[in-house]
Amino acid sequence: MTHPSDLAPLRSLIRTIPDFPEPGIQFRDITPLLADARGLTQALDALERSIEPASVDIVAAIEARGFLLAGALAQRLGAGVVPVRKPGKLPGPTLGVDYALEYGSDRLEMHVGAFASGSRVLVLDDLIATGGTAVACGELVERAGGQLIGFRFLIDLPALGGSALLAARGWGSHALLRY
Ligand code: AMP
């Protein structure tokens, strides 16, 4: 696992925007990191190192910022990508789960038959806060017959309890940075 001090340059590429999208939310904006070629490579290197080689068949990527990392990480892992999307975006028949957000509520959907039953699935998103989104995605993966390998995030906000929620369900997770 990467030593936290090795990731200090990544922290400097995360921009905090107060009161977005609502008063009281400190929005952790990863777009400067994505725009920095060295930072992006370092983040993907650290995510790749945190995953046992040849242990993942599918990266399940959560809309929308999870998508930005998923193709590159999946390619490094020798895995495919499955998009997990907001309602009404996927063209084929879907499975769906409703969930609560740090701000508001939403629903996630995945194509029926998106991966073969028994596939080893890693869930990827930019950030875990309350964990509602990640738990919903984990439930979708299990309902679809996937073997949930774990969760990866760039950022964990541990005070909001999401990573503890995953641990309480016996699901392994890892984030590169904590705020
Ligand atoms: P949650 O379901 O509460 O764990 O929220 C996680 C989802 O909401 C992720 O897809 C994040 O992109 C987004 N999100 C929640 N809180 C924040 C935040 N403070 N900064 C940036 N993104 C956030």
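Caption draft 1: View of the side chain of Ser 50. Inspection of the secondary structure puts Ser 50 in the loop between helix 3 (37–49) and strand 3 (58–62). Given a relative accessible area of 10%, Ser 50 falls into the buried group.

Caption draft 2: Structural context of the sheet that holds strand 8 (residues 147–156). Spatial ordering of the open sheet is given by 4-3-7-8-9, a layout of five strands whose pairing is parallel. Strand pairing shows two members of the sheet lacking a second neighbour, strand 4 (80–84) and strand 9 (173–178), which therefore form its edges. Strand after strand, the sheet turns through a mean of 20 degrees between neighbouring axes, direction not considered. Pairing of strand 3 with strand 4, which is carried by five bridges, proceeds in the parallel orientation. Bridge pairing in strand 4 places Ala 60 opposite Val 82. Helix 3 rests against strand 7 (120–128), strand 8 and strand 9 of the sheet, and its axis sits at about 145 degrees to strand 8.

Criteria and cut-off values
- Residues numbered from 1 in each chain as written.
- Predicted model: local features only at pLDDT ≥ 70, side-chain atom pairs only at ≥ 80, totals over all residues.
- Heavy atoms only, no water.
- Helix = DSSP H or I, 4+ residues; strand = E, 2+ residues; numbered from the N terminus.
- Buried < 20%, exposed > 50% of the residue type's maximum accessible area, 1.4 Å probe, protein only.
- Pairing = 2+ DSSP bridges.
- Axes fitted to C-alpha atoms, helices over the stretch in contact; angles between N-to-C directions.
- Contact = heavy atoms within 4.5 Å.

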